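As a plain string of letters, each chain reads:
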Amino acid sequence: MQNEDEKHPAISGFHPDNPHVGPYDFDQLASAFPKLNSHLIEKPDGSGRWIRFSDPTAVRLLNRAILENDYGISDWELPEPYLCPTIPGRIDYLFHLRSLIGKNVPEVTLLDIGTGASGIYALLAASHFKWRVIACDASPPSLQCLRTTLLRNPQIASRIVIRVQADPARILQGVLHNDDQITATVCNPPFYDSPESAARAHHHKHRTHLRRNLPSHPRFRSTGGWIHELCYPEGEVGFVQQLLHESAVHASRVHWFTTLLSRASSVTQLKPMLEKLNPAEVRILPMQHGNKQSRILAWRFNTCS
């Protein structure tokens, strides 16, 4: 029987420019970040070492190793239980974004909506693509984590500006300045509509893992996450509806608005509002990472470059 850990190293379906195609080189990563060694275990077939992806601490250390080895980012700050991103999937979004805006744009300014404590989109955009980033969030403690990471990495700190969203009910309002000219937004919206639905989903996944003899914890996700990171009224559809509404108000300041959507049905639910706003262009960019399918919703009101 294939267990949960065996599904992760063989990563497929990435953007063709994504460097994270194929298995993780755990030995190389542990060489760059020795603390990972304590969480590496031998594969049952003796073909090498890996980590248990159901272990939140191991996943965080893996991310720190990838950032150190592949992106030159040291001492990434992400206390538990903040939401822990999957780096290959996050940078895949950015590669799709670069294809959308064009590789030859001389200067890119990215607005990272809900950057979170990890600041992962901001860090990857600044380090790998050399983009300028405005990283915003409604959680001051989350932004303090990102500030700590930037203090430890002055080589990219000058490319990232941090802004606090003072009103959690707003997304762009209060964050964008009158003189801002944003090339594109990036956003991974909260998925669940309530703490109860998040708990039910995790409980269902936990019971499924138990039936399949897979590692799982009855209370804790391997990716972590505070309620404000996971939940929003009406879930990702509610969040993106608010983003769509505000995007029309700030159309002159942003060339491309984009956001992730986890559910295909969310596109259908958002279609009436898109038709009402009537942007100049709408695109759906499919993404597939192994068995997981998602998509990027992108729209713009002005087609001029």
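Above this note sits the structure.
Residues numbered from 1 in each chain as written. Predicted model: local features only at pLDDT ≥ 70, side-chain atom pairs only at ≥ 80, totals over all residues. Heavy atoms only, no water.

Undergrad: Would you mind going over the environment of Gly 89 in detail, with residue names and values included?
TA: Structurally, Gly 89 is set in helix H3 (residues 87-101). Here the alpha-carbon distance between Gly 89 and His 15, two residues 74 residues apart in the chain, equals 9.6 Å. Once residues within four sequence positions are removed from consideration, Gly 89 is found in contact with Phe 14 and His 289. (Helix = DSSP H or I, 4+ residues; strand = E, 2+ residues; numbered from the N terminus. Contact = heavy atoms within 4.5 Å.)

Undergrad: Requested: an account of the environment of Pro 56, with residues and values cited.
TA: Relative to the assigned elements, Pro 56 resides in helix H2 (residues 56-71). The partly exposed category is assigned to Pro 56, whose relative accessible area is 22%. Each C-alpha atom, one on Pro 56 and one on Leu 83, is 10.0 Å from the other, the two residues being 27 residues apart in sequence. (Buried < 20%, exposed > 50% of the residue type's maximum accessible area, 1.4 Å probe, protein only.)

Undergrad: Kindly report on the sheet that holds strand S3 (residues 109-113), identifying the contributing residues and their values.
TA: Across the sheet, which stays open at both edges, the seven strands sit in the order S5-S4-S3-S6-S7-S9-S8 with mixed pairing between neighbours. Lying at the two open borders of the sheet, with one neighbouring strand each, are strand S5 (160-164) and strand S8 (281-289). When strand polarity is set aside, the average angle formed by the axes of neighbouring strands in this sheet is 20°. Pairing of strand S4 (residues 132-137) with S5, which is carried by five bridges, proceeds in the parallel orientation. Pairing of Val 133 across the sheet is with Ile 160, part of S5. Sheet contacts for helix H4 (residues 120-128): S3, S4, S5, strand S6 (182-187) and strand S7 (254-261); angle to S4, the most-contacted strand, approximately 175°. The sheet strands contacting helix H5 (residues 140-151) are S4 and S5, and the helix crosses S5 at an angle near 160°. (Pairing = 2+ DSSP bridges. Axes fitted to C-alpha atoms, helices over the stretch in contact; angles between N-to-C directions.)

Undergrad: Quick one: what's the story with helix H10 (residues 264-277), residue by residue and with numbers?
TA: With 14 residues, H10 ought to run about 20 Å at 1.5 Å a step, and its terminal C-alpha atoms sit 20 Å apart, in line with that. Roughly 40° is the biggest bend found in H10, and it falls at Lys 271, with proline Pro 272 one to four residues downstream. Every buried residue of H10 is listed here: Ser 266, Leu 270 and Leu 274. Positive backbone phi, approximately 55°, marks Asn 278, located one or two places after H10. (Expected span 1.5 Å × (residues − 1). Bend = angle between axes of the 7 residues up to and from the residue.)

Undergrad: Any details on the pattern of salt bridges? Residues and values, ideally.
TA: Summed over all chains, the structure comprises eight salt bridges. Notably, a salt bridge pairs Asp 17 with Arg 98, separated by 3.2 Å at the nearest N-O pair. A residue pair is termed long-range when its members are at least 10 positions apart, and Asp 17 in the segment before helix H1 (26-32) and Arg 98 in helix H3 qualify at 81 residues. The shortest N-O distance in the salt bridge between Asp 180 and Arg 163 comes to 2.7 Å. Of the two residues, Asp 180 is situated in the loop between S5 and S6 and Arg 163 in strand S5; the sequence distance between them amounts to 17 residues. The structure contains a network of salt bridges with shared partners spanning Asp 17, Arg 98 and Lys 103. (Salt bridge = Lys/Arg side-chain N within 4 Å of Asp/Glu carboxyl O.)

Function cannot be read off these values alone, since they describe shape.
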